[in-house]
Amino acid sequence: MITNSAKVTTIGTFDGIHIGHQKILKQVVELAIEQGYKPAVLTLFPHPRMVLQKDDSIKLLNTIDERIEILKSLGIEEVIVKEFTKAFSNLSAKDYVKNILVDELNTKHIVIGYDHHFGKNRSANITDLKRFGKHYDFKVKEISAQDIKDVTVSSTKIRNALDKGEVDLANSFLGYNYFITGTVDKGKGLGRTIEFPTANIHIEESYKLIPNDGVYVIQSKIKNTTVFGMMNIGTNPTVNGKTRSIEVHFFNFNADIYNTKLKIEFLKRLRSEQKFESLEVLKKQLKTDKVNALKYIKTSNA
C-alpha cells in the first residue's frame, strides 16, 4: 500500500485511546492542519507479545476495528495497520524508516515519545530517528516524559479498574464509555422464563478485555435509537452454569435483533454476580436491579 499524501504521523499501539493518548493525537491533528499535511497513525497488529512470546493471555482494551473507529473520530484521517510478524521485527532501523515511514507513508513530520525505540531488537532510539530525519527530509517532534508517563499510568489504571468492574472510573480515564462490540446469538432462553429476556452477546476477538463478572447498567444504539438496559457477565451460577457469558436485557425493547452487531457501552456496575437459592429469588433480585438501573439512568440524564 503506497500512500502519496504527505503526513504528520505518530506511531504506537494506542490501546484504549484514553485521555493521555488523545492529548498526543490532538498535537498530531493540529500540526497537520498547520502544515497542510494529513494526520496519520501507524499502528501494529497483532500485539508484538502475541507474536514474539506467543502470549495468548494478553487482553486489549480495543479490538483493531474499534481502535480504527476511535482514531478516525478524533480527526486522524489515515490509520495504517501494519501486520506485526517476525519478519517485521527483524527489519533494520534504516529499512523501517526508509521503506515504511518515508517511501510508503510519505511522512514529513513524526510525533513520537522521547523513549521510542525501533528496528531489530529495538536498537534505534529517538536520536537515531532525528538523524534519519535529516537524511530523509522529515522532522521529529518529541513527546515529553510527563505526557508519556500520563499515557502509561492511565492504561494501567484503566485495566485495573475494569478488572475490578469499576467501569465508571475506567470511563473517567478513557474520556468515553468503555464498550464491547459483539453479535447477538441465540442463548438458552432462560431469561424469558423469568420475564427478563436477554440478548446473548458473542465477541469474536478473544483478546478483548471484558470487565469483571457482575451486573452493569449499559446503553446501546439500535437503529439510531439509544436503548438502555442491564448486562450480566458471568457463569449463571444459580443454574450451575459453567461457561462465562455476556447477556443483556434491554428496557422497553422487544424487536428481533438476532445476528445484529451491537456496540454496548458500560455506564455503572450494580453488583457482583451471585448464586441465588432459586430462580424465583433471582427474578426478585433482577427486579431490584432494574429499579436501581433506571434510577441511575434517570439521575445521569437529568
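Residues numbered from 1 in each chain as written. Predicted model: local features only at pLDDT ≥ 70, side-chain atom pairs only at ≥ 80, totals over all residues. Heavy atoms only, no water.

Observations concerning the packing of aromatic side chains
Applying the stated criterion to the full structure yields 10 aromatic pairs. Centroid distance Phe-88 to Tyr-96: 6.1 Å. Interplanar angle 90 degrees. Geometry classified as edge-to-face. Where Tyr-96 meets Phe-118, the ring centres are 5.7 Å apart and the plane angle is 40 degrees; that geometry is what we call tilted. Taken together, the positions of Tyr-96 in helix α5 (residues 93-104) and Phe-118 in the loop between β4 (107-113) and α6 (126-136) put the pair 22 residues apart, joining distant regions of the chain. Take Phe-118: its relative accessible area is 4%, and that puts it in the buried class. Through a chain of ring-to-ring contacts, three or more aromatic side chains come together here, namely Phe-84, Phe-88, Tyr-96, Phe-118, Phe-132 and Tyr-136. In this structure, Arg-131 is placed above the aromatic ring of Phe-132, and the distance from its NZ or CZ to the ring centre is 5.2 Å. One residue, Lys-208, lies across the ring of Phe-179, its end atom 5.4 Å from the ring centre. (Phe/Tyr/Trp six-rings, centres within 6.5 Å; stacked < 30°, edge-to-face > 60°. Helix = DSSP H or I, 4+ residues; strand = E, 2+ residues; numbered from the N terminus. Buried < 20%, exposed > 50% of the residue type's maximum accessible area, 1.4 Å probe, protein only. Lys NZ or Arg CZ within 6 Å of the ring centre and 35° of its normal.)

Examining the sheet that holds strand β5 (residues 139-143)
Strands belonging to one sheet form pairs held by backbone hydrogen bonds; the direction of such a pair is parallel or antiparallel. Here we have five strands laid out as an open sheet, ordered β3-β2-β1-β4-β5, and parallel in their pairing. Because the sheet does not close on itself, it has two edges, and the strands there are β3 (78-83) and β5. If you compare each strand with its neighbour and ignore which way they point, the axes differ by 25 degrees on average. Inspection of the sheet shows β4 paired to β5 by five bridges, in the parallel sense. The residue bridging Val-111 from the neighbouring strand is Lys-141, located in β5. Lying on the sheet, helix α1 (residues 19-35) is in contact with β1 (7-11), β2 (38-45), β4 and β5; it crosses β1 at an angle near 165 degrees. (Pairing = 2+ DSSP bridges. Axes fitted to C-alpha atoms, helices over the stretch in contact; angles between N-to-C directions. Contact = heavy atoms within 4.5 Å.)

Section: unusual backbone geometry
Where the residue is not glycine, phi is negative for most of them; where a peptide bond is considered, it is trans in most cases. Between Phe-45 and the following residue, Pro-46, the backbone shows a cis peptide bond with an omega angle of 0 degrees. Structurally, Pro-46 is set in the loop between β2 and α2 (48-52). A positive phi angle is found at Lys-223, which is not glycine, with a value near 50 degrees. Inspection of the secondary structure assignment puts Lys-223 in the loop between β8 (214-222) and β9 (225-234). Even without being glycine, Asn-224 reaches a positive phi, approximately 65 degrees. In this fold, Asn-224 is placed in the loop between β8 and β9. Under the relative-accessibility criterion, Asn-224 is labelled exposed at 74%.

Comments concerning the sheet that holds strand β7 (residues 199-202)
Pairing in this closed barrel of six strands is antiparallel, and the strands run β6-β7-β10-β9-β8-β11 around the ring. Strand-to-strand, the axes of this sheet are offset by a mean angle of 45 degrees, without reference to chain direction. Bridging between β8 and β9 involves nine bridges; their strand directions are antiparallel. For Gly-214, the partnering residue across the bridge sits in β9 and is Ile-233. Contacts from helix α8 (residues 167-174) reach β8 and β11 (261-271) within the one sheet, and its direction differs from that of β11 by about 125 degrees. Sitting on the sheet, helix α10 (residues 279-300) is in contact with β8, β9, β10 (245-250) and β11, with an inclination near 100 degrees to β11.

A look at helix α7 (residues 145-163)
Counted at 1.5 Å a residue, the expected span for α7 with its 19 residues is 27 Å, and the 27 Å between its end C-alpha atoms agrees. Where α7 is concerned, the buried positions are Asp-147, Ile-148, Val-151, Ser-154, Ser-155, Ile-158, Ala-161 and Leu-162. The buried side chains of α7 occupy one side of the element, clustering within an arc of 165 degrees when seen end-on. In the core, the buried residues of α7 are packed alongside α1, β4, β5 and α8. (Expected span 1.5 Å × (residues − 1). Arc of directions from axis to C-beta.)

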